[in-house]
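# Chain and residue survey
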Amino acid sequence: MFLGFDSSTQSLSAILIDNDRGEIIAEASVNFGAELPQYKAPSGFIPGGANGEVHADPMMWLEALDLVLEKLSGKVDLSKVAMIAGSGQQHGSVYVNELFDSIIADLDPTSSLKAQLSNSLTRTTSPIWMDTSTGSECKEIANAMGGDAEVCSRSGSVAIERFTGPQIRKFSKQSPKSYVATDQVHLVSSFIASVIAGKSLPIDFGDGAGMNLLNLKHLAWDDDLMKATAPELSEKLLPATSCLKPQGTIGSYFIEKYGFSKSCQVCPFTGDNPASLVGMGATTPGQVVISLGTSDTFFAAMAEPKTDPQGFGHVFGNPAGGFMSLICFRNGSLAREALRDELGIDWGAFDHSALSSSKTSAGKNLTLPFYGAEITPRHDFEKPVTEFSENPTDALRIRSLLEGQFLNMRLHSQWMGIAPQRILLTGGASKNDGIAQIVADVFQAPVERLEVANSAALGAALIAATAAGNDLVKLQSVFCKPSPNSRIEPDTNSASAYESALVQFKRLLDSRI
Ligand code: ADP
Ligand code: XUL
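Each value, and the rule that gives it
- Residues numbered from 1 in each chain as written.
- Chains lettered and ligands numbered in written order.
- Predicted model: local features only at pLDDT ≥ 70, side-chain atom pairs only at ≥ 80, totals over all residues.
- Heavy atoms only, no water.
- Phe/Tyr/Trp six-rings, centres within 6.5 Å; stacked < 30°, edge-to-face > 60°.
- Lys NZ or Arg CZ within 6 Å of the ring centre and 35° of its normal.
- 1 Å grid on protein atoms, 1.4 Å probe; cavity = no way out; pocket = protein on both sides within 12 Å on 5 of 7 lines; lining within 4 Å.
- Points joined across faces, edges and corners; volume = space filled by probe spheres on them.
- Helix = DSSP H or I, 4+ residues; strand = E, 2+ residues; numbered from the N terminus.
- Near = heavy atom within 4 Å.
- Areas by Shrake-Rupley, 256 points an atom, 1.4 Å probe, with all protein chains shown as cover.
- Nonpolar A, V, L, I, M, F, W, Y, C, P; charged D, E, K, R; others polar.
- Domains from an automatic or database assignment.
- Polar contact = N/O pair within 3.5 Å; in protein donor to acceptor, adjacent residues only side chain to side chain.
- Axes fitted to C-alpha atoms, helices over the stretch in contact; angles between N-to-C directions.
- Parallel < 35°, antiparallel > 145°, perpendicular 65-115°, else oblique.
- Left-handed = near helix turned anticlockwise from the far one by under 90°.
- Contact = heavy atoms within 4.5 Å.
- Buried < 20%, exposed > 50% of the residue type's maximum accessible area, 1.4 Å probe, protein only.
- Pairing = 2+ DSSP bridges.
- Buried area = accessible area lost by both parts, 1.4 Å probe.
- Salt bridge = Lys/Arg side-chain N within 4 Å of Asp/Glu carboxyl O.

## Details of the packing of aromatic side chains
Aromatic ring pairs are reported here in terms of the distance separating the ring centres and the angle at which the planes meet. This model, assessed by the stated rule, comprises 10 aromatic pairs. Between the NZ or CZ atom of Arg123 and the centre of the ring of Tyr95, over which it lies, the distance is 5.0 Å. Sitting over the face of the ring of Tyr179, Lys236 holds its NZ or CZ atom 4.8 Å from the ring centroid.

## Side note on the layout of surface pockets
By volume, the largest pocket is sized at about 900 Å³. In this structure, the largest pocket is lined by 38 residues; those nearest its centre are Leu292, Gly293, Thr294, Gly427 and Gly428. Within the residue set of the lining of the largest pocket, elements represented by two or more residues are strand E2 (11-18), strand E3 (23-31), helix H13 (272-279), strand E13 (288-292), strand E16 (323-329), helix H14 (333-343) and helix H18 (455-467). Per-element accounting of the lining of the largest pocket gives the leading share, three residues, to H13.

## Overview of the site of ligand 1
Among the 13 residues in the neighbourhood of ligand 1, the closest are listed as Gln10, Thr294, Glu337, Gly428 and Asn432. A total of 580 Å² of accessible area belongs to ligand 1 in isolation, and the protein chains cover 77% of it. A per-class count over the shell around ligand 1 returns two nonpolar, nine polar and two charged. Per-domain counts for the shell around ligand 1 show at least three residues from each of domain 1 (2-274) and domain 2 (282-449 + 483-513).

## A short note on the site of ligand 2
Inspection of the region around ligand 2 gives Gln90, His91, Trp129, Arg162, Asp272, Asn273, Ser295, Thr297, Phe316, Leu326 and Cys328 as its neighbouring residues. Between an oxygen atom of ligand 2 and a side-chain N or O atom of Asp272, the distance comes to 2.5 Å. In this structure, an oxygen atom belonging to ligand 2 sits 3.1 Å away from a side-chain N or O atom of Asn273. With the chains in place, 96% of the 290 Å² that ligand 2 exposes on its own is no longer accessible. Elements represented by at least two residues in the shell around ligand 2 include exactly H13 and E16. Each residue belonging to the shell around ligand 2 can be placed in one class, and the counts come to four nonpolar, five polar and two charged. There are two domains that each give the shell around ligand 2 at least three residues, and those are domain 1 (2-274) and domain 2 (282-449 + 483-513).

## Comments concerning the packing of helix H2 (residues 58-75) against helix H9 (residues 188-197)
The geometry of H2 relative to H9 is characterised by a closest axis approach of 11 Å and an angle of 45° between their N-to-C directions. In terms of orientation, H2 and H9 fall into the oblique class. Note on packing geometry: the crossing formed by H2 with H9 is right-handed. Where H2 abuts H9, its residues Pro58, Trp61, Leu62 and Leu65 lie against Val188, Phe191, Ile192, Val195 and Ile196. Considered class by class, the residues forming the contact of H2 with H9 number nine nonpolar, no polar and no charged.

## A few points about the pairing of E2
Burial within E2 is extensive, with eight of its eight residues counted as buried. Across the two faces of E2 the burial is the same, with Ser11, Ser13, Ile15 and Ile17 and Leu12, Ala14, Leu16 and Asp18 all buried. Bridge count for strand E1 (residues 2-7) against E2 is six bridges, and the pairing is antiparallel. Bridge pairing links Ser7 to Leu12 in E2. If you look at the hairpin formed by E1 and E2, you'll find three residues sitting between the two strands.

## Concerning unusual backbone geometry
Cis geometry is adopted by the peptide bond preceding Pro377, which originates at Thr376 and carries an omega value of 0°. Looking at the secondary structure, you find Pro377 in the loop between strand E18 (374-375) and strand E19 (378-379). Residue Lys40 is not a glycine yet carries a positive backbone phi of 50°. With respect to the element layout, Lys40 can be found in the loop between helix H1 (32-35) and strand E4 (55-56). Given the relative accessible area of 63%, Lys40 is considered exposed. Unusually for a residue other than glycine, Gln444 sits at a positive phi of about 50°.

## Points about the domain arrangement of the chain
When the parts come together, some accessible area is lost, and that loss is often what is quoted as the size of the interface. Looking at the chain, the domain boundaries give domain 1 (2-274) and domain 2 (282-449 + 483-513). In this complex, domain 1 contributes 28 residues to the contact, which on the side of domain 2 involves 22 residues. It is Trp129, Arg162 and Asn273 in domain 1 that bury the most area against domain 2; as a group they hold 26% of the surface buried on that side. Viewed at the interface, domain 2 and domain 1 are joined by one salt bridge. A salt bridge links Arg378 to Glu161, with the shortest nitrogen-to-oxygen separation between them at 2.8 Å. Along the contact surface separating domain 1 from domain 2 lie seven residue pairs in polar contact (both at pLDDT 80 or more). Among the secondary structure elements, those contributing two or more residues to the side of domain 1 that touches domain 2 are helix H6 (148-155), helix H10 (205-208) and H13. Of the residues in the side of domain 1 that touches domain 2, the class split is 14 nonpolar, 12 polar and two charged.

Printed below as a string of structure tokens:
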């Protein structure tokens, strides 16, 4: 059996698969806001950060790891797990001191991870992907490198606020003593993987490419980028590797406490988007995935790295080899939730009744769908900007917000030059047929959902199975099946309405940024 974890923005989930039976054996999940309210992070991050800072508490992730394993070991015998892999929300960084490695090597199963690891950090909270506070550090890194084009050609992205390099730079400037005391900088993914393995594990190529530090040509940390980022950074990073390379066996804490076998191995964890690419069965070029999670992302596998001339898109490592392109939109589920809450309705009403009753207004009313700072395009919006040609009823506001989100996605993915033949939809909001219909109509392509909703955790389980010698293509043909009757065809009658809406959307956007 193979176990995959996904430590995302709002939850930690695990999926256990049995390869011989071609089945998911068990799933478990911990929602940070609902189940760990003591961290005062209802959406997984600490609200109210100053100047665009968005941090989360790594102890919350560790407490969730104990909790998810408690749930899972109550359901199944974990001694049959041969390999573990996982994924984490990308870009977030954890700063550990020189005690970390010795603590994780010798964890006491009668105590908790949180109790034993609370003294192992040099920075008590972790900046996560929603953080937009490092504008000046991005400029400094780009200047030191001779411009953004150079940063992009080496790392696959221009220097971006949420990426780990600029975040490390900010920490090294603001808290130089704590930075010097930092023994290693981990990503969310490598931090959790290390705790499970009982030793510090390297960062993988998929997630490492989200740091502005990995040279994509050499698949190794880039000396000049490290120097431009922070002093002695090379000493604080293990050499990057593939998430398909097992790194040794699981720590004794997990054997004794949750019943894993001594021979269970652990792979380096990857990012949630690369893992999702695997879990959606989209690791070969030609398919587009749209993930509607806390962030909305648009991604596709590609053979050669192709960079976004506007600087919003990114190139990450594809766990199956090669690369993937990705665009991330910060105002995803949280923007949809904000309107849903303002209107005081549930998801059912938001999706079904509102969208079916407003069909004739497709593309007629514009919304720039941003409730806060956006990263694609980069701008500090405060609230949505609207331009309605009709009376803004609740139903029209919902339709227009969603159309705005997908028009913005269509506009900013044009550089990839992909005319999607089929869009694979995943993430929390993907189960809604009304939302899926708007995706199909705006892109004029059929939309499919897979049987398994949590594509990142499933992808991680498939990575574990592949690392143990199984064939990924075969695994994907078994585990990544479209859910029956989930296909939504585009309404071709709306094609021209959305062509002109795209032009109008761009005009409105350009007038505000
Ligand atoms: P992440 O992996 O980023 O933590 P998920 O893919 O689990 O996120 O999605 C979580 C989000 O999905 C929540 O913010 C919630 O608003 C949204 N969500 C959950 N259920 C629905 C639904 N039925 N319709 C629309 N959105 C939903
Ligand atoms: C990708 C990004 C987000 C996070 C959280 O660049 O910032 O999608 O991975 O899911």
